[in-house]
Amino acid sequence: MRLLGIDLGEKRVGVATGDSRIGVVVPHSTIRRRNDRQVIAELAVLAAESESEVLVVGEPRRLDGSVGPAVERARAFARKLGEACDLPVRTVNESLTSVEAERRLRAAGVDPRRHPERVDAVAAQILLEEELGRETG
């Protein structure tokens, strides 16, 4: 199954693609965010181009796992996105994905402060890895 991972941020939206049949997940791109309508339109194009079958959206839960206003906003966005793409949407707790993304980039010799767009795309990759882990685990 092909998946499109979305790390929703205020300024940027990280995107990753994955295929559960072969267990591969890669960072794809970053979308500069102006508003929900623009992001949804761009994601719909990416979902169609990548032949995605499922959308995976990160939920910014608190560190204790509880739900706050940011999660509710992410869920509302996920519903709109799913309707626009006519695809099922799954949500994944995205707590600390950006921290892990920065760690991975530093390990690869990339300064995350100079390349914040890469942080977002790698965070989306981590979301998809989490989702694939739930499917197989």
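Residues numbered from 1 in each chain as written. Predicted model: local features only at pLDDT ≥ 70, side-chain atom pairs only at ≥ 80, totals over all residues. Heavy atoms only, no water.

Caption draft 1: Spotlight on the pairing of strand 2 (residues 12-19). For strand 2, the buried fraction is high: 8 of the 8 residues fall into the buried class. Covered by surrounding structure in strand 2 are R12, G14, A16 and G18 together with V13, V15, T17 and D19, the residues of both alternating faces. Pairing geometry for strand 1 (residues 2-8) and strand 2, over 7 bridges, is antiparallel. If you follow G5 over to strand 2, its bridge partner there is A16. Between the antiparallel neighbours strand 1 and strand 2 lie 3 residues. Between the end of strand 2 and the start of strand 3 (residues 24-32), which pair antiparallel, lie 4 residues, with G23 showing a positive phi angle near 70°. (Buried < 20%, exposed > 50% of the residue type's maximum accessible area, 1.4 Å probe, protein only. Helix = DSSP H or I, 4+ residues; strand = E, 2+ residues; numbered from the N terminus. Pairing = 2+ DSSP bridges.)

Caption draft 2: Up close: the nonpolar core. By size, the foremost hydrophobic cluster in this structure holds 18 residues, and its most contacted members are L4, I6, I31, L43, L55, F77 and L81. Secondary-structure elements contributing two or more residues to this core are strand 1, strand 2, helix 1 (36-49), strand 4 (54-59) and helix 2 (69-85). Here this core takes 5 residues from helix 1, the largest share from any one element. Among the nonpolar cores identified, the runner-up in size contains 10 residues, and L3, V25, L127 and L128 belong to it. (Core = buried A, V, L, I, M, F, W, Y, C linked by side-chain atoms within 4.5 Å.)

Caption draft 3: Representation of a nonpolar patch on the surface in the model. On the surface, a cluster of nonpolar side chains totalling about 260 Å² of accessible area is made up of I22, V24 and V26. Looking at V24, the relative accessible area reads 39%, which means it is partly exposed. (Patch = residues over 30% accessible without salt bridge, like charges linked within 9 Å, V, L, I, M, F, W, Y side chains within 5 Å. Areas by Shrake-Rupley, 256 points an atom, 1.4 Å probe, with all protein chains shown as cover. Salt bridge = Lys/Arg side-chain N within 4 Å of Asp/Glu carboxyl O.)

Caption draft 4: Inspection of the pattern of salt bridges at higher detail. Enumeration according to the criterion identifies 17 salt bridges in this entry. Among the salt bridges present, the one from E10 reaches R73, with a minimum N-O distance of 3.2 Å. You can see E10 sitting in the loop between strand 1 and strand 2 and its partner R73 sitting in helix 2, a full 63 residues away along the chain. Looking at R73, the relative accessible area reads 30%, which means it is partly exposed. One salt bridge in this structure joins D36 and R33, with 2.2 Å as the shortest N-O distance. Sharing partners across several salt bridges, the network here consists of R2, D19, R21, E51 and E53.

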